[in-house]
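Geometric and topological summary
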Amino acid sequence: MQAEQTFKPNIIVRALAQLVSYVFHPLFIPLYVTAFIVYQYPYFFAGFDNRGHIKVLMSVFINLCFFPALVVFLLWRLKFASSIMLRTQKERIIPFAASLVFYFWAWYVFREQPQMPRMFVQFLFGAFLGVSGAWMANIFIKISMHTTAMGGMAAYMLLLAFNGDIAMGGYLSIALLISGLVGTARMLVSDHTNIEVYSGFAIGALAQLIAAWLA
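Residues numbered from 1 in each chain as written. Predicted model: local features only at pLDDT ≥ 70, side-chain atom pairs only at ≥ 80, totals over all residues. Heavy atoms only, no water.

**A word on the overall build of the protein chain**
Tallying secondary structure elements over the protein chain gives 8 helices and 0 strands in all. In sequence order, the secondary structure elements of the protein chain are arranged as α-α-α-α-α-α-α-α. Relative to the 2.2 N^0.38 estimate, which gives 17 Å for 215 residues, the radius of gyration of the protein chain is 17 Å and therefore close to what a compact globule would have. Looking at the protein chain as a whole, 49% of its 215 residues qualify as buried. Roughly 11,400 Å² of accessible area belongs to the protein chain as shown, and the carbon and sulfur atoms make up 71% of that amount. Across the protein chain, the mean location of the 13 positive side-chain charges is 9 Å away from that of the 7 negative side-chain charges. (Helix = DSSP H or I, 4+ residues; strand = E, 2+ residues; numbered from the N terminus. Rg over C-alpha atoms; globule rule 2.2 N^0.38 Å. Buried < 20%, exposed > 50% of the residue type's maximum accessible area, 1.4 Å probe, protein only. Areas by Shrake-Rupley, 256 points an atom, 1.4 Å probe, with all protein chains shown as cover. Lys, Arg positive; Asp, Glu negative; His and termini not counted. Charge placed at Lys NZ, Arg CZ, Asp CG, Glu CD.)

Structure, rendered in structure tokens:
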């Protein structure tokens, strides 16, 4: 099923949309959010030196970026997927299942470390719930993983605005702007329908809200 586009984008618009899709790929969003927390909320990690900050970032990168990407690469090379873009719902089943394991492990390990700030552990739990929700939604529609990540990021920024001690208006606006750009980009250069894009954002946002409620 083709995306419900109202116009045919020219080559420049498509190139920009592809760039946005790559820069804000769902694999990178947990790392971006973690870096934001580490460096914009230093009192969250008050007992950590710069080496400790880097260790947290590397842990998130390895578990939530590298390992899921490695699974996709291996599936592609072993011919279980026709493309690393995972263009069908069937091709996304194993990567979703693997990501569930990696996201759960990251959340569980960080949760068991008492020095880790609650809001950071809460974000990881919300990310795990977001992947879980997207995996279940994938049974029915080819949910947009990009907007699932964007919904989680935007909702988490909103939660920080209510729980943090720094002004979050500008950061929240930027998060919403990026979410809108990514959603638009996916409508332009992917085969997602509008409902798949909107549903992804809703699932990601709801997951972070549930994580905050259960925390």
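Now that the structure has been shown, we can carry on.
**Thoughts on the packing of helix 2 (residues 29–40) against helix 6 (residues 145–163)**
With their axes 10 Å apart at the nearest point, helix 2 and helix 6 run at an angle of 15° to one another. The orientation of helix 2 relative to helix 6 falls into the category roughly parallel. In the packing of helix 2 onto helix 6, the handedness of the crossing is right-handed. In contact with Ile29, Val33, Phe36 and Ile37 of helix 2, helix 6 contributes Ala149, Met150, Met153, Tyr156, Met157 and Leu160. Here the residues of the contact of helix 2 with helix 6 are counted per class, giving 10 nonpolar, no polar and no charged. (Axes fitted to C-alpha atoms, helices over the stretch in contact; angles between N-to-C directions. Parallel < 35°, antiparallel > 145°, perpendicular 65-115°, else oblique. Left-handed = near helix turned anticlockwise from the far one by under 90°. Contact = heavy atoms within 4.5 Å. Nonpolar A, V, L, I, M, F, W, Y, C, P; charged D, E, K, R; others polar.)

**Focus on helix 6**
Within an α-helix, residues lying three or four positions from one another point in the same direction, as the helix has 3.6 residues per turn. Taking 1.5 Å per residue, 19 residues should reach 27 Å; helix 6 reaches 27 Å between its end C-alpha atoms and fits that length. In terms of burial, helix 6 is largely enclosed, as 14 of its 19 residues are buried. (Expected span 1.5 Å × (residues − 1).)

**Remarks on the side chain of Ser21**
Structurally, Ser21 can be placed in helix 1 (residues 11–23). A polar contact of 2.9 Å, which involves the side chain of Ser21, links it to the side chain of Arg186. Dropping the residues within four chain positions of it, Ser21 is found in contact with His146, Ala185, Arg186 and Val189. (Polar contact = N/O pair within 3.5 Å; in protein donor to acceptor, adjacent residues only side chain to side chain.)

**Looking at the nonpolar core**
One recurring pattern in soluble globular proteins: nonpolar side chains tend to sit buried together. Counting 44 residues, the largest nonpolar core has Ile37, Phe45, Phe110, Met116, Phe120 and Leu160 as its most contacted members. Ignoring any residue separated from it by four or fewer positions in sequence, one finds Phe45 in contact with Ile37, Val38, His53, Val56, Met116, Pro117 and Phe120. In terms of nonpolar packing, the next biggest core, distinct from the first, is built from 7 residues, Val72, Ala81, Ala98 and Phe102 among them. (Core = buried A, V, L, I, M, F, W, Y, C linked by side-chain atoms within 4.5 Å.)

**A few points about the pattern of salt bridges**
As enumerated under the stated definition, the model contains 2 salt bridges in all. A salt bridge links Arg111 to Glu112; the shortest N-O distance between them is 2.8 Å. Its relative accessible area of 40% is what places Arg111 among the partly exposed residues. Residue classification places Glu112 among the partly exposed residues on the basis of a relative accessible area of 44%. (Salt bridge = Lys/Arg side-chain N within 4 Å of Asp/Glu carboxyl O.)

**Details of the packing of helix 3 (residues 50–77) against helix 4 (residues 89–111)**
Following both chains from N to C, one finds helix 3 and helix 4 inclined at 165°, their axes separated by 9 Å at the closest point. Compared by their axis directions, helix 3 and helix 4 come out roughly antiparallel. Helix 4 is crossed by helix 3, and the crossing has right-handed handedness. Along its contact with helix 3, which presents Val56, Ser59, Val60, Asn63, Leu64, Phe67, Pro68, Val71, Val72 and Leu75, the element helix 4 presents Ile94, Pro95, Ala98, Ser99, Phe102, Tyr103, Trp105, Ala106 and Phe110. A per-class count over the contact of helix 3 with helix 4 returns 16 nonpolar, 3 polar and no charged.

**Notes on unusual backbone geometry**
Although it is not a glycine, Lys79 adopts a positive phi angle of roughly 70°. By the secondary structure assignment, Lys79 is in the loop between helix 3 and helix 4. Owing to a relative accessible area of 71%, Lys79 belongs among the exposed residues under this scheme. In this structure, Leu86 takes a positive phi of about 50° despite not being glycine. As for its position among the elements, Leu86 is in the loop between helix 3 and helix 4.

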